[in-house]
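# Secondary and tertiary structure notes
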Amino acid sequence: MGMAGIDRGADGLRDQLWELARARGIGRRQFLRLLSLGGAGAVLAACGPGPQSIETDTAPAPAAAPAEGWFKDSGPFIEHGGQSLEARLENLESLVTPAHQFFVRNNSRSLDLDASEWRLQVTGDAVGEPLELSYEQIRELPVRQFTAYLECAGNHRAMFDVVNGRKASGTQWMTGAIGNGEWAGTPLRGVLELAGVGDGAVSVQLIGLDLESPERGFRYVLPIAKAMHPDTLLAHTLNGEPLPRDHGFPLRALVPGWVGAASVKWLGRIEVARRPIFGRTNTTSYVLIGDRFPANAPAQGEPVHAQVIKSALALPWPARITAGRTRLRGFAQSPTGPITRVQWSADSGTSWAEAELVDSQPDYSWARFEFFWDATPGEHSIMTRATDAVGNHQPAEVPFNAKGYLFNQPLPHPVQVT
Ligand code: MTE
């Protein structure tokens, strides 16, 4: 769709597009730049997913039928390219996210594995004796359980564009590439010890079964210290039930506080090496690439491991509410400690008021917060910012990185009050 279709005889459409873009926090200059470079399609893409649509005969064709990259009902989610399902925070009420509302991030598609035929192999030059474990054997190992949020490294990625006007590559997640689960499993450490992993071990590569062969699955490398942490789990249970297929049945890693990619699903093999292992997920993906980030050969930038402190409102983007005293709520999370404070601002950060934390946070859980706002008619933007128990807080600005990881500026959430 080109400029011509917009400019000539389609002023109504341009006005509608501008209304939508403005509501999504896009400035006039950026709107015009997008329109001239890529037409209405570029503007719509920059607006990101949302409940609104523009009805016109020049609007983009409806998205292709989902490629069925998942098993769950995609109804409550925002779909991204047949591979990923983004939660709508406004639909999440409880502290623990029900499995059917838990976001899905797949690099290919969900697997339907038969636990009776499945095996976990532990191999590599730092293993005393290669080990193979069945599902039953895994289930007999000591169990550890805790609540932990799981968040994609690219959660909030769309905000590099929506808020700062510079688009990063990758799935354009808004705020819903996150869920909070009650996980149970056995510590990875115990399995490594069973395989006789000794002092010389450096890297532990977790390999999923979701590409053509076990040799090519999605994989992520943990340094040995993180692999040996007692809370790095081989998880078989989510919210008291065996893992759903979309979340890695029969076994996945669960690395609390680290980017979601570390929590490899449909685990097939664990390779333990005496040398650093490099692959896609620590050289070209899950690394910070940008002017402010030096390359670190063979990686294109500093690897992304731990998540960062964030907060978001449980509202559609943009939101529409009626005037009057209104309860607004949201979620905040940090990898470095429980959330101790959430503040909110209705004047672009000039002044801040305290939000209330709704409950105490077990283990590695996220926090729920709420506050009351006297909403007056007009266009508003509400920001929130969180602080954790060790004093970490959200920064005023995040430097751009090409793959759009770890965006944790306070979000200016557009709210229209009528
Ligand atoms: N594991 C496998 N085998 N394949 C994948 O595509 N995606 C990773 C991680 N583990 C992935 C995987 C990413 S990028 C994220 S954010 C989390 O799984 C998402 O977990 P979920 O789909 O259970 O929410």
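This report concerns the structure included in the present document. (Residues numbered from 1 in each chain as written. Predicted model: local features only at pLDDT ≥ 70, side-chain atom pairs only at ≥ 80, totals over all residues. Heavy atoms only, no water.)

## Some remarks on the overall build of the protein
Note the following rule: Only DSSP runs of H or I reaching four residues or more are called helices, and only runs of E reaching two or more are called strands; each is numbered from the N terminus. When a residue's accessible area, from a 1.4 Å probe over protein chains only, is under 20% of the maximum for its type it is buried; when over 50% it is exposed; and in between it is partly exposed. Any pair of residues with heavy atoms lying within 4.5 Å of one another is described as a contacting pair. Computed with the Shrake-Rupley method and a 1.4 Å probe, the accessible areas treat only the protein chains shown as cover for residues.
When helices and strands are tallied, the protein shows 8 helices and 24 strands. Across the 418 residues in the protein, those meeting the buried criterion constitute 53%. Sequence separation of at least 24 residues holds for 70% of the intrachain contacts in the protein that already meet a minimum separation of 6. Split by element, the accessible area of the protein, about 17700 Å² in all, is 51% carbon and sulfur.

## A few points about the sheet that holds strand E22 (residues 367–375)
Where we set the bar: When DSSP locates at least two bridges between a pair of strands, those strands are taken to pair.
Strand order across the open sheet formed by 4 strands is E16-E18-E22-E21, with antiparallel pairing between neighbours. In the strand order of this sheet, the two ends are held by strand E16 (310–313) and strand E21 (356–357), each with one partner. Sheet topology note: the E16/strand E18 (residues 324–333) ladder contains 4 bridges and is antiparallel. Looking at the pairing, Ala312 lines up with Phe331 of E18.

## Side note on the side chain of Gln307
Rules: Between N or O atoms, a polar contact is any pair within 3.5 Å; within protein, one atom must be a potential hydrogen donor and the other a potential acceptor, and residues adjacent in sequence are included only when both atoms are from side chains.
Inspection of the secondary structure puts Gln307 in the loop between strand E15 (302–303) and E16. For Gln307, a relative accessible area of 3% gives the class buried. There is a polar contact of 3.4 Å between the side chain of Gln307 and the backbone oxygen of Glu151. Engagement of the side chain of Gln307 in a polar contact is seen with the backbone oxygen of Cys152, the distance being 2.9 Å.

## Let's talk about the site of the ligand
The criterion, for reference: In these notes, residues near a molecule or strand are those with any non-hydrogen atom within 4 Å of it. A pocket here means an open set of points on a 1 Å grid, computed over the protein atoms alone, that has protein on both sides within 12 Å along at least five of seven lines. A cavity is instead a set of points where a 1.4 Å probe fits but cannot get out; residues with an atom within 4 Å of a point line either one. Pocket occupancy is defined atom-wise: a molecule lies in a cavity or pocket when more than half of its atoms are within 2 Å of its grid points. Think of it as three bins: nonpolar holds Ala, Val, Leu, Ile, Met, Phe, Trp, Tyr, Cys and Pro, charged holds Asp, Glu, Lys and Arg, and polar takes everything else, Gly as well.
Of all residues adjacent to the ligand, which total 20 residues, the nearest are Phe103, Asn107, Asp210, His247 and Lys265. One of the side-chain nitrogen or oxygen atoms of Lys265 is found 2.5 Å away from an oxygen atom of the ligand. The site holding the ligand turns out to be the largest cavity. Classifying every residue of the shell around the ligand gives 10 nonpolar, 6 polar and 4 charged.

## Details of empty space enclosed by the protein
Heads up, the condition is: Grid points are joined across faces, edges and corners, and a volume is the space filled by probe spheres set on the points.
Scanning the entire structure with this criterion turns up 6 cavities of 30 Å³ or more. Counted as a void, the largest cavity has a volume near 260 Å³. Every residue lining the largest cavity is counted, 20 residues in all, and those nearest its centre are Arg105, Arg252, Gly260, Ser263 and Lys265. The set of elements that each furnish at least two residues to the lining of the largest cavity consists of strand E3 (104–105) and strand E6 (144–151). For the lining of the largest cavity, the class distribution of residues is 10 nonpolar, 5 polar and 5 charged.

## Looking at the packing of aromatic side chains
Going by this rule: Classification of ring pairs uses Phe, Tyr and Trp, with its six-membered ring standing for Trp, and accepts pairs whose centres are within 6.5 Å; under 30 degrees between planes counts as stacked, over 60 as edge-to-face, and the remaining range as tilted.
Overall, the coordinates contain 11 aromatic pairs when judged by the stated rule. Ring centres 5.9 Å apart and planes at 20 degrees place the aromatic pair Phe102 and Phe103 in the stacked group. We classify Phe102 as buried; its relative accessible area is 0%. Ring centres of Tyr220 and Tyr286 lie 6.4 Å apart, and the angle between their planes is 70 degrees; on these two criteria the pair is classed as edge-to-face. Of this pair, Tyr220 sits in strand E9 (residues 219–223) while Tyr286 sits in the loop between helix H8 (280–283) and strand E14 (287–288); the two residues are 66 residues apart in sequence, bridging distant segments of the chain. Summarising the burial analysis for this pair, Tyr220 and Tyr286 share the class buried. Every member of this aromatic cluster is reached through a ring pair, and the members are Phe102, Phe103, Trp173 and Trp183.

## Digging into the nonpolar core
Definition in use: Here, nonpolar core means buried Ala, Val, Leu, Ile, Met, Phe, Trp, Tyr and Cys residues that are tied together by side-chain atoms lying within 4.5 Å of each other.
With 86 residues, the main nonpolar core has Trp183, Leu192, Ile270 and Val272 as its most contacted residues. If you look at the next biggest cluster of nonpolar residues, it comprises 20 residues, including Ala319, Ala332, Ala386 and Val415.

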